[in-house]
Amino acid sequence: DTEVTQTPKHLVMGMTNKKSLKCEQHMGHRAMYWYKQKAKKPPELMFVYSYEKLSINESVPSRFSPECPNSSLLNLHLHALQPEDSALYLCASSQDWDTGELFFGEGSRLTVL
Amino acid sequence: AQSVAQPEDQVNVAEGNPLTVKCTYSVSGNPYLFWYVQYPNRGLQFLLKYITGDNLVKGSYGFEAEFNKSQTSFHLKKPSALVSDSALYFCAVRAPSGGNTGKLIFGQGTTLQVKP
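Values in this document were obtained by computation on a predicted structure and should not be read as measured data.

1. Some words on the sheet that holds strand 7 (residues 64–70) of chain A
Strand-to-strand pairing in sheets goes through backbone hydrogen bonds, with the strands running parallel or antiparallel.
Residues and elements named next belong to chain A.
(1) Moving on: Strand order in the open sheet formed by four strands is 1-3-8-7, with antiparallel pairing between adjacent strands. At either end of the open sheet lies a strand with only one pairing partner, and these are strand 1 (4–7) and strand 7. Strand-to-strand twist across the sheet, computed as the mean angle between neighbouring axes with direction ignored, equals 20°.
(2) Moving on: Two elements, strand 1 and strand 3 (residues 18–25), share four bridges in a ladder whose sense is antiparallel. In the sheet register, Q6 faces strand 3, and the bridge partner there is C23.

Below you can see the structure in the form of structure tokens.
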């Protein structure tokens, strides 16, 4: 199984809503990532988990809250988002956090109204 | 600080012709270099990487890339383009040591358009 699965594929939420994005991998990878991507732009790193511990937080606003319940799962909790947070949110995993060879999911497209 | 540049926003080629997507980098020490491709409405897919060894690296879907240390370049190539190669291509670099410098730094991306 060489897939990273993200749900939901699409999400529309109001600025007062609370929602979560989910990511799952079963490749035994020890590092998992959240990226944010705007149209036609490179992905921007948000968070890195290594061995289920948060190792990098790229100064992301607290309205984004990551969670790694176990080595296969990664969540991104969303609360009080702004319209400018609308983007494609990509989850990725890798064998270890600094290999550079990432496996990406297909993303969750978020629209904030 | 490490950085990567993709000088062309878009590259247009005819199907069957060779293609080149350019990438130059700036990094202290020996670089780790990567190419990723993103098809419309999809996540990124790893194509190939250079860590050390042979300067010509072969990857997925018939793509290859040539590492040139003197020119600090890592251009992506394919001998014969397919319409299905049309996508957004990202070059990425990371420094070889650990800590925050282990992060991948992506270029701005190049849209490849292959016309029939």
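2. Things to note about the pairing of strand 6 (residues 53–57) of chain A
Residue and element names in this part refer to chain A.
(1) Moving on: As paired strands, strand 5 (residues 44–50) and strand 6 are joined by four bridges and run antiparallel to one another. For Y49, the partnering residue across the bridge sits in strand 6 and is L54.
(2) Moving on: Connecting strand 5 to the antiparallel partner strand 6 that follows it, the hairpin turn spans two residues, and Y51 within it adopts a positive phi of roughly 50°.

3. Concerning the pairing of strand 7 of chain A
Residues and elements named next belong to chain A.
(1) Moving on: Of the strand pairs in this sheet, strand 7 and strand 8 (residues 73–79) are connected by five bridges, and their pairing is antiparallel. Paired with N70 across the two strands is L73, which belongs to strand 8.
(2) Moving on: As consecutive antiparallel partners, strand 7 and strand 8 are separated by two residues.

4. Let's talk about the interface of chain A and chain B
(1) Moving on: Taken together, the 21 residues of chain A in the interface contact 22 residues of chain B.
(2) Moving on: Summed over both sides, the interface between chain A and chain B buries roughly 1,700 Å², with carbon and sulfur atoms accounting for 53% of that surface.
(3) Moving on: Per-residue buried area on chain A facing chain B is highest for P42, E101 and E106 of chain A; these three make up 26% of the total on that side.
(4) Moving on: At the boundary of chain A with chain B, the tally comes to three salt bridges.
(5) Moving on: Its salt-bridge partner being K103 of chain B, residue E58 of chain A comes within 2.7 Å of it at the nearest N-O pair.
(6) Moving on: Applying the counting rule to chain A against chain B returns six residue pairs in polar contact (both at pLDDT 80 or more).
(7) Moving on: Of all the secondary structure elements, the ones that give two or more residues to the side of chain A that touches chain B are strand 4 (31–37) and strand 9 (87–94) of chain A.
(8) Moving on: When the residues that make up the side of chain A that touches chain B are grouped by side-chain class, the tally is ten nonpolar, four polar and seven charged.

Reading the values: rules and limits
- Residues numbered from 1 in each chain as written.
- Chains lettered and ligands numbered in written order.
- Predicted model: local features only at pLDDT ≥ 70, side-chain atom pairs only at ≥ 80, totals over all residues.
- Heavy atoms only, no water.
- Pairing = 2+ DSSP bridges.
- Helix = DSSP H or I, 4+ residues; strand = E, 2+ residues; numbered from the N terminus.
- Axes fitted to C-alpha atoms, helices over the stretch in contact; angles between N-to-C directions.
- Contact = heavy atoms within 4.5 Å.
- Buried area = accessible area lost by both parts, 1.4 Å probe.
- Salt bridge = Lys/Arg side-chain N within 4 Å of Asp/Glu carboxyl O.
- Polar contact = N/O pair within 3.5 Å; in protein donor to acceptor, adjacent residues only side chain to side chain.
- Nonpolar A, V, L, I, M, F, W, Y, C, P; charged D, E, K, R; others polar.

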